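What the coordinates show
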Amino acid sequence: SASAAAGLVVCCAEMLHLLCSKSSYENEIQSYVKDKMVFATTLTLLIQRDLVQLQLYVTKCVASLASDKERRSFVVLGGGKKLIQILRKELLRTHGTQLCENSINALFNLSVCKSNRSHLCRIGLKTILRAARNRKLKKYARQCAGQTLHNLRLHPRNLSAFYKVELQMKTDQAFGK
């Protein structure tokens, strides 16, 4: 069944994560697969699947990535774009979901990496701003989205994007759009 397959994939991913948590094991795995981004690649592939159980697992993992190398790899490989798509979809629901909160936490962790800030701003500024202002979400999730925005604002290339989005939102609000 699809649920059992998703569970098996999660278990395999957890095993890979445990193996990659020790640098000696990670180096050995990398020598076999010829890839320096083993865990980030796996997470990026898993998040592309439209199975909520897998996406919940991946967003938790991304929220706990500890190195800028892993954070950057995940974004470069397309994981950041998929996270923004998931968050955008989840924000349309009538209430905040666990996947929505996990996605916000993951985006915050990715925004800690300075080299991710410009790209994350370009692909997700409006969505993250909506999350920060969404009263349906728990206070913690809104604050986390706010901290993500703070991190994105620290990149000098992002300032004009912030001004444009703020102005557009205020214009839309004034004219009832």
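A brief structural summary. These figures come from a predicted structure and were not determined experimentally. (Residues numbered from 1 in each chain as written. Predicted model: local features only at pLDDT ≥ 70, side-chain atom pairs only at ≥ 80, totals over all residues. Heavy atoms only, no water.)

**Comments concerning the packing of helix α9 (residues 139–153) against helix α10 (residues 159–174)**
One can describe the packing of α9 onto α10 by two numbers: an axis separation of 9 Å at closest approach and a directional angle of 130°. Put simply, α9 runs oblique to α10. The segment α9 lies against α10, with Leu149, Leu152 and Arg153 engaging Leu159, Phe162 and Tyr163. Residue classes in the contact of α9 with α10 are distributed as five nonpolar, no polar and one charged. (Axes fitted to C-alpha atoms, helices over the stretch in contact; angles between N-to-C directions. Helix = DSSP H or I, 4+ residues; strand = E, 2+ residues; numbered from the N terminus. Parallel < 35°, antiparallel > 145°, perpendicular 65-115°, else oblique. Contact = heavy atoms within 4.5 Å. Nonpolar A, V, L, I, M, F, W, Y, C, P; charged D, E, K, R; others polar.)

**Digging into the environment of Leu129**
For Leu129, the location among the structural elements is in helix α8 (residues 117–133). The exposure class of Leu129 is buried, given its relative accessible area of 7%. For the pair Leu129 and Glu166, spaced 37 residues apart in sequence, the C-alpha separation works out to 9.2 Å. Discounting chain neighbours no more than four positions away, the residues touching Leu129 are Leu149, Val165, Glu166 and Met169. (Buried < 20%, exposed > 50% of the residue type's maximum accessible area, 1.4 Å probe, protein only.)

**Re helix α6 (residues 79–91)**
Taking 1.5 Å per residue, 13 residues should reach 18 Å; α6 reaches 18 Å between its end C-alpha atoms and fits that length. Residues of α6 that are buried: Gly79, Gly80, Lys82, Leu83, Ile84, Ile86, Leu87, Glu90 and Leu91. Along its buried surface, α6 packs onto α3 (38–47), α4 (52–63), α5 (68–76), α7 (98–111) and α8. (Expected span 1.5 Å × (residues − 1).)

**Notes on the nonpolar core**
One finds Leu43, Val58, Val62, Phe74, Leu83 and Ile104 to be the most contacted residues of the largest nonpolar core, which totals 38 residues. Of all the secondary-structure elements, those providing two or more residues to this core are α3, α4, α5, α6, α7, α8, α9 and α10. Those residues in contact with Ile104 that lie beyond four places of it in its chain are Leu87, Ala131, Leu137, Ala141, Cys144, Ala145 and Thr148. (Core = buried A, V, L, I, M, F, W, Y, C linked by side-chain atoms within 4.5 Å.)

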